[in-house]
Amino acid sequence: MAKLYYDEKNFREVENINFYLMPGPNIFVKSRSEPLCPVPKIITGNRPADGGNLILSEDEKNFFVKKYPQDKKFIKRLIGGEEFLHNKKRYCLWLVDATPEQIKNNKFIYERVKKCKEDRLNGAADRKKLADTPHLFRETFVPEKFIAIPKTSSEKRFYIPMDFLDKNFICTDSLLIIPDAEIWHFGILTSSVHMAWMRLVAGRLKSDYRYSAKIVYNNFVWVKMEFIQYAELILAAKNILEVRKNYPDASFADLYDEITMPKDLRDAHKNLDEIVLDIYGFSKKMSDEEIALEMLDNYQRVCEIKNC
């Protein structure tokens, strides 16, 4: 029986409307703990689980550095989704390399660690276990360099902002990070093809997109490319990063707002989009919906081949 589908322009008859409320076969994207294709793994940032005691405002950071200049090495820039998107500044006590003596001899650090221990002891069973190491976040993994992606991003943005960060940033669990990622990975991930896939399968927080490891990233199909495509992709991805430098005071929320996005940045993204569309064998005239359905079909074919 034919079904009536509305695509924001008009109604049309289709054979089937799938789980994602789009015309097409019933293909369901499953949660996956490992990437479907051979690409770097994506992980969640570090969870403080500290009751806020290891986290510092900019004023607290300035006070600490002024009073304890010898221990300023224990202050790191803390970045979560909000800080990443809006250029907000927060800091943390990062005491991975601190000795017991250094913690005990710094009154500020000692009191914060003491309160963190108390908070964890008053928490649930898994939190109580963390009380044995009250000077540390729940996780303490900091790669040399990685791509950072906010878990939550406004539906008003066509592109989810993402960027390369380094070991000077401590990422919280409101960011996903991809250690060992290269510039060409960034190029594919920030493209309209990946965004179409994300909009199809991602969850929602109210109306905002929820980018996930197990659904969005791990199920995304990466394809082989010719050397010339690979070279063009790298140049286009680098160009996006360079164009962003023209706006040092702008946040990602400013740069990727559909109203305020600078023309040169939009042009840089459009150029990269055309390259990625060519890599996937898609027409430049394809709509976001058509791209998403093709990617869903690609997903099904790969799953059939891998029997997953």
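Our structure's up above, just so we're on the same page.
Given the structure is predicted, the values throughout are model-derived calculations rather than measurements.

The rules we used
- Residues numbered from 1 in each chain as written.
- Predicted model: local features only at pLDDT ≥ 70, side-chain atom pairs only at ≥ 80, totals over all residues.
- Heavy atoms only, no water.
- Helix = DSSP H or I, 4+ residues; strand = E, 2+ residues; numbered from the N terminus.
- Buried < 20%, exposed > 50% of the residue type's maximum accessible area, 1.4 Å probe, protein only.
- Contact = heavy atoms within 4.5 Å.
- Areas by Shrake-Rupley, 256 points an atom, 1.4 Å probe, with all protein chains shown as cover.
- Lys, Arg positive; Asp, Glu negative; His and termini not counted.
- Charge placed at Lys NZ, Arg CZ, Asp CG, Glu CD.
- Disulfide = S-S within 2.5 Å.
- Pairing = 2+ DSSP bridges.

A.B. asks: What is the right way to read the overall build of the protein chain from this model?
C.D. replies: Counting secondary structure elements, the protein chain contains 12 helices and 13 strands. Expressed along its principal axes, the backbone C-alpha trace of the protein chain runs to roughly 70 × 45 × 35 Å. The buried share among the 308 residues of the protein chain stands at 49%. By sequence separation, contacts in the protein chain at least 24 residues apart represent 67% of the contacts at least 6 residues apart. A total accessible area of about 16500 Å² is found for the protein chain, and carbon and sulfur atoms account for 51% of it. Seen as two clouds, the 49 positive and the 46 negative side-chain charges of the protein chain have centres 6 Å apart.

A.B. asks: Hey, could you run me through the state of the cysteines in this one?
C.D. replies: Applying the stated criterion across every chain yields a total of 0 disulfides. Here Cys92 is not cross-linked by a disulfide; its sulfur's nearest cysteine counterpart is in Cys171, at 10 Å. On the accessibility criterion, Cys171 (3% relative accessible area) is buried.

A.B. asks: Please clarify how the sheet that holds strand 7 (residues 145-150) should be interpreted in this entry.
C.D. replies: Note: strands within a sheet are paired through backbone hydrogen bonds, in either parallel or antiparallel orientation. Read across the sheet, 4 strands follow the order 3-11-7-9 without closing on themselves; strand pairing throughout is antiparallel. Bordering the open sheet on either side are strand 3 (43-44) and strand 9 (163-166), each of which pairs with just one other strand. Two strands pair when backbone bridges link them, and strand 7 and strand 9 are joined in this way by 4 bridges, in the antiparallel orientation. Bridging across to strand 9, Phe146 finds its partner in Leu165.

A.B. asks: When you look at unusual backbone geometry in this model, what are you seeing that I'm missing?
C.D. replies: For residues other than glycine, phi is negative in most cases, and the peptide bonds are mostly trans. One non-glycine residue, Ala49, lies in positive phi territory at about 45°. Looking at where Ala49 falls in the secondary structure, it is placed in the loop between strand 3 and strand 4 (55-56). Taking the relative accessible area as the measure of exposure, Ala49 reaches 13% and is therefore buried. Here Asp180, not a glycine, exhibits a phi torsion of approximately 70°, which is positive. Mapped onto the elements of the fold, Asp180 is located in the loop between strand 11 (175-179) and helix 6 (183-189). Overall, Asp180 belongs to the exposed group, its relative accessible area being 65%.

A.B. asks: Looking at this model, I keep getting lost on the sheet that holds strand 13 (residues 208-210). Mind explaining?
C.D. replies: As summarised here, the arrangement of the 3 strands in space is 8-13-12, forming an open sheet in which the pairing is antiparallel. Each end of this open sheet is capped by a strand with a single partner; those strands are strand 8 (152-153) and strand 12 (203-205). Direction of pairing for strand 12 relative to strand 13: antiparallel, over a ladder of 3 bridges. By the bridge assignment, Arg204 is partnered in strand 13 with Tyr209.

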